[in-house]
Amino acid sequence: MIESEIARTPKSLFSRKVTLYERLRLALVVTRRELRDSLRDWRIMTPIVILTLLFPLLMNFTAGMARDFVLRYGGQNALIVERLNPFLLMIVGFFPITFSLVLALETFVGEKERGSLEPLLAMPISDGELYLGKVLAALILPLAASYLAISAYLIGMAMASGWLPDALMLLQMLLLNSAKASVMVSGAVIVSSQTSSVRAANLLASFIIIPMALLVQGESILLFWGQYEVLWWIIAALCVANFIMVRMGVRIFNREEILARELDSLNLRKVLRDFAGYFLRPPEQALQREIYPSLDIWRMLHHDIPCLLRTQWQPLGVVLLTLVGAIVLGALLAMQWPLPANAIRLDALPQDTFDHVPQLGFLPRFSITGVFFNNLRALALAGVLAIFSFGVMPLVLLMAPLALVGFFAAQVAVLGYSPLVFVATFILPHGVVELPAAIIATGFALRAGVALVSPPFGLDVGQGFLLVLADFLKVFLLLIIPLLLVAAVLEVQITPLVVMAVYGAKP
């Protein structure tokens, strides 16, 4: 039993700073206990074994039917069968890891309903060791089933048609399924530790299943297109997501809260009251819940916003580095794919150039309201996407236009124009206002996304997210929107005059 195994651990281990090896050993004690319980439960093992062995046979039958179809009609679609085999290999490996959700969702809330959680949480191990042990236990069995299913499928394909993937493709499929299993388990364990019933955990599991199903569909398209190199980027992204999920789970895991949580409930009035308090208080008094000041716009403008900008230098610094990287990336792409010599002509622009801006579907109308609402919509969308991407999507949305700036600046340099004059003419007149607004908005959106992984010190995930959301809204309403309005006026009224003064045809 887990109690006897931990009892054999030297007492000094719990009173001194332990090494990483010792922490892993304690986590594996929990893992062995979980695996032992799962292997003894026939309700878990029977469907895993049967479906793991039956599904590869079904895929072998499918591949054989497709091969016979191609041979019957002349073999002109042989490429489809060639691309079908890697797809079926991926599906065969993915199907068993879906069982990881069942095991992971039971890790904490299932034991709480069965009454076996209290003795486990009373063990003299840290929260991180307990959490890691649970994650490994929920991951090992589905991964073993996935590898077994892949082996059975490959044996069947080798016997039926002689097809075997090359070593690199096989490694790619193993890593891809392992990464997806790790992300699913990490997310499900977080759900299990933050809910009070298995029913609620199963409902919240849809937030894991749906994105993973969409990812599998995207991978299927890539496999049929033969874009195997893109899968390496997906593997890298899944590894980053897994690291974020594990970091989030360890950060918010608290055994006392799990025992004290009786019923999941949403007190909307309390949420709104806490949010209003975070919004109205000065930053240095944000955690003093007994203080509820009245709305003071003047104080927010002259004290709160400068204070928030000073304290959030880290996310703003990350955004600045991303900005520089996007510009460099755009310049490198311009060197790799230069435009034709007559693609860009900046000398002697007609005086009515800006009077006939093309109205494309993805571009705003070239007016103050059109430019303003387009920029406002983009930054607001970045703030929303930050919640679902842990702050990644705001950086991506900012990189796209800045990469275009770097791309065209490098292109005009190749064509013989000065890139500095180009940027100072087309970008700087309004960019001196618009760019700081975009950097600040993206920085606070990044902070809001990261708060889900690492809440501010002294707050849980919910309260921490309310705090950063209130700060984001305060900065957005009082600083970003006015800056965007000024930038729109400059872009429509001033930038065309500067461009025509530099590049316009001389009378």
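Residues numbered from 1 in each chain as written. Predicted model: local features only at pLDDT ≥ 70, side-chain atom pairs only at ≥ 80, totals over all residues. Heavy atoms only, no water.

Asks: Provide a residue-level description of the overall build of the chain, including the pertinent values.
Replies: Per the secondary structure count, the chain includes 22 helices and zero strands. Within the chain, buried positions represent 46% of all 507 residues. Considering only contacts in the chain between residues 6 or more positions apart, those separated by 24 or more positions represent 80%. As displayed, the chain has an accessible area near 26500 Å², and 71% of this comes from carbon and sulfur atoms. (Helix = DSSP H or I, 4+ residues; strand = E, 2+ residues; numbered from the N terminus. Buried < 20%, exposed > 50% of the residue type's maximum accessible area, 1.4 Å probe, protein only. Contact = heavy atoms within 4.5 Å. Areas by Shrake-Rupley, 256 points an atom, 1.4 Å probe, with all protein chains shown as cover.)

Asks: Before we move on, could you go through the pattern of salt bridges and cite the residues and values that matter?
Replies: Overall, the coordinates contain four salt bridges when judged by the stated rule. As a salt-bridge pair, lysine 180 and glutamate 219 come within 2.9 Å of each other at their nearest N and O atoms. Residue lysine 180 is found in helix α9 (residues 167–193), and its partner glutamate 219 is found in helix α11 (residues 206–225); the two are separated by 39 residues along the sequence. With respect to class, lysine 180 is no different from glutamate 219; both count as buried. Note that aspartate 471 is salt-bridged to arginine 447, the shortest N-O span being 3.0 Å. (Salt bridge = Lys/Arg side-chain N within 4 Å of Asp/Glu carboxyl O.)

Asks: Before we move on, could you go through the packing of helix α18 (residues 392–414) against helix α20 (residues 428–451) and cite the residues and values that matter?
Replies: In the contact formed by α18 and α20, the axes pass within 9 Å of each other and the chain directions differ by 160 degrees. One way to sum up the angle between α18 and α20 is to call them roughly antiparallel. Contacts between α18 and α20 involve Pro394, Leu395, Leu398 and Leu402 from the first element and Leu435, Ala438, Thr442, Ala445 and Leu446 from the second. Grouping the constituent residues of the contact of α18 with α20 by class yields eight nonpolar, one polar and no charged. (Axes fitted to C-alpha atoms, helices over the stretch in contact; angles between N-to-C directions. Parallel < 35°, antiparallel > 145°, perpendicular 65-115°, else oblique. Nonpolar A, V, L, I, M, F, W, Y, C, P; charged D, E, K, R; others polar.)

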